[in-house]
Amino acid sequence: MSAETFRMNRAIPSTEHSESGLSVATGSTAFLRYSTLTTTVPKEFVHRAGVAEVMLTDWARKGDLHFSVAAQWPRGHAFFTPVAGCHDPLISAETIRQIGSLLAHAEFGVPLDFQFVMWDLALEITPAHMTMGGAPASLEMDVICKDVKRRNNALAGMRYEVVIRRDGQVAATGGAGFTCMPPKVYRRVRGGRLAESVHALPLTAPTAPQAVGRLSPQDVVLSATSQEDRWQLRVDTRHPILFEHPVDHVPGMTLLEAARQAAVSIVGPHSLPVAFASEFMRYIELDEPCFIEARRISGDSTRVLVTGSQNDELAFSSVVTMELLPL
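Let us look at the structure shown here. What you see is a predicted model; the values in this text were computed from it and never measured. (Residues numbered from 1 in each chain as written. Predicted model: local features only at pLDDT ≥ 70, side-chain atom pairs only at ≥ 80, totals over all residues. Heavy atoms only, no water.)

**Observations concerning the pattern of salt bridges**
Counted according to the given criterion, the structure contains 19 salt bridges. A salt bridge links K146 to E161, with the nearest nitrogen and oxygen atoms 3.0 Å apart. Highlighted residues: K146 in strand β7 (residues 137-151) and E161 in strand β8 (residues 154-166), separated in sequence by 15 residues. Its relative accessible area of 31% is what places K146 among the partly exposed residues. Where R190 meets E285, a salt bridge forms, and the shortest distance between an N and an O atom there is 2.8 Å. Within this pair, whereas R190 is found in helix α2 (residues 183-190), its partner E285 is found in the loop between β12 (271-280) and β13 (290-296), the two being separated by 95 residues in sequence. Across the pair, E285 and R190 agree in class, each one buried. Bridged by salt links that share partners, the residues R190, R193, D248, E285, D287 and E288 form one connected network. (Salt bridge = Lys/Arg side-chain N within 4 Å of Asp/Glu carboxyl O. Helix = DSSP H or I, 4+ residues; strand = E, 2+ residues; numbered from the N terminus. Buried < 20%, exposed > 50% of the residue type's maximum accessible area, 1.4 Å probe, protein only.)

**A closer look at empty space enclosed by the protein**
Applying the stated criterion to the full structure yields one cavity of 30 Å³ or more. Approximately 80 Å³ is the volume found for the largest cavity. What lines the largest cavity is a set of 15 residues, among which L201, Q232, L233, V235 and L286 lie closest to the centre. For the lining of the largest cavity, the per-class residue count stands at ten nonpolar, two polar and three charged. (1 Å grid on protein atoms, 1.4 Å probe; cavity = no way out; pocket = protein on both sides within 12 Å on 5 of 7 lines; lining within 4 Å. Points joined across faces, edges and corners; volume = space filled by probe spheres on them. Nonpolar A, V, L, I, M, F, W, Y, C, P; charged D, E, K, R; others polar.)

**Comments concerning helix α1 (residues 89-106)**
Counted at 1.5 Å a residue, the expected span for α1 with its 18 residues is 26 Å, and the 26 Å between its end C-alpha atoms agrees. In terms of burial, α1 is largely enclosed, as 18 of its 18 residues are buried. Its side-chain oxygen at 2.9 Å from the backbone nitrogen of L90, D88 defines the N-terminal cap of α1. (Expected span 1.5 Å × (residues − 1). Polar contact = N/O pair within 3.5 Å; in protein donor to acceptor, adjacent residues only side chain to side chain.)

**Quick word on the packing of α1 against helix α3 (residues 252-267)**
Where α1 meets α3, the axes come as close as 11 Å, and the angle between the chain directions of the two elements is 155 degrees. The angle between α1 and α3 places the two elements in the roughly antiparallel class. When you trace α1 past α3, the crossing you get is right-handed. Along its contact with α1, which presents P89, L90, A93, E94 and R97, the element α3 presents M253, L256, E257 and R260. Here the residues of the contact of α1 with α3 sort into five nonpolar, no polar and four charged. (Axes fitted to C-alpha atoms, helices over the stretch in contact; angles between N-to-C directions. Parallel < 35°, antiparallel > 145°, perpendicular 65-115°, else oblique. Left-handed = near helix turned anticlockwise from the far one by under 90°. Contact = heavy atoms within 4.5 Å.)

**Description of the packing of aromatic side chains**
Enumeration according to the criterion identifies seven aromatic pairs in this entry. Geometrically, the ring pair formed by F79 and F80 is edge-to-face, given 5.5 Å between the ring centres and 75 degrees between the ring planes. By the burial criterion, F79 is buried, and F80 matches it. Judged by centre distance (6.2 Å) and plane angle (65 degrees), the ring pair of Y160 and F178 falls under edge-to-face. Note that Y160 is positioned in strand β8 and F178 in strand β9 (residues 169-181), a separation of 18 residues in sequence. Pairwise contacts between aromatic rings join F116, Y160 and F178 into one cluster. Taking NZ or CZ as reference, R190 lies 4.4 Å from the ring centre of Y283, over its face. (Phe/Tyr/Trp six-rings, centres within 6.5 Å; stacked < 30°, edge-to-face > 60°. Lys NZ or Arg CZ within 6 Å of the ring centre and 35° of its normal.)

**Regarding the sheet that holds β9**
In space, the twelve strands of this open sheet follow the order β4-β5-β7-β8-β9-β6-β12-β15-β14-β13-β11-β10, with antiparallel pairing throughout. In the strand order of this sheet, the two ends are held by β4 (56-63) and β10 (222-224), each with one partner. Sheet twist, expressed as the mean angle between neighbouring strand axes with direction ignored, is 25 degrees. Pairing geometry for β8 and β9, over ten bridges, is antiparallel. Bridge pairing in β9 places V162 opposite G174. On the sheet, α3 packs against β6 (115-125), β10, β11 (230-233), β12, β13, β14 (303-310) and β15 (313-324) and is oriented at approximately 50 degrees with respect to β15. (Pairing = 2+ DSSP bridges.)

**Overview of the pairing of β8**
Taken together, the ten bridges between β7 and β8 define a ladder with antiparallel strand orientation. Its bridge partner being in β8, C145 is matched across the sheet by Y160. Between β7 and β8, which pair antiparallel in sequence order, lie two residues; one of them, N152, sits at a positive phi of approximately 55 degrees. The antiparallel hairpin formed by β8 and β9 contains two residues in its connecting segment, where D167 sits at a positive phi of about 50 degrees.

Keep in mind that these numbers describe shape and distance, not what the molecule does.
Spelled out as structure tokens, the structure:
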């Protein structure tokens, strides 16, 4: 299936949106159906195996490279747990990640079997508009795509910027850049490393959950080393969220979680990550140790530089901005 032959603009087949609601086409007629019903977008469009992990609920094109996307954040989640009464900042990062793959498949015609490589992700939250409420948070997101690159008339990659609004207020802003490639090219790039053939290293012991802002040892992605502020990345491929489906390398969201935990360890447990500026330079392999290091940025007590290295090569970096919480 080529990029030209795959196209789907709506999550529900044979439907279209009108100003008055959702119309369902039946033969030559169309009649108004429930205008307030909400469903998630297809899980395949956001590269999730489980519907429960899909944050996005709808999208619409507003211009050639301008889109509106809707989402919902649950009040409770197995991994994205509240922090100081706020929705987990990283649920914003996961939402931004999902937007890129949704638009690539649904609006730019990228086939579902193509592989995506995320190169960077930035995020800044406004804690006052991230507070937990009495119902799931409904979100409207304004998305601008840019630097769109094509190869043989098919999307090869792009960047996009996102403004996340809740009740009309800006809750977060961010963006990301990615490239995508057909399966044959990806297999060549990966040199035969496949999800079914690569096995992770034996699971290492977690550092103390309370030291990295976590409640459960299962959710800790750092293992202590003999050096202070240096950890081995703890790769638990059985984790139901961080490794939601089989993969051949460490996912970007796992690395963002490592950055968050390392920053909390440096600044202290009474702190909230409010911004990430992350770059992904190379694949981090499952079967080789990766080491995470963190240090405060000189002259700024609330900004932490977190890096991930494998085989003595820099593979990941993130500047994490922390906000101190009242004791």
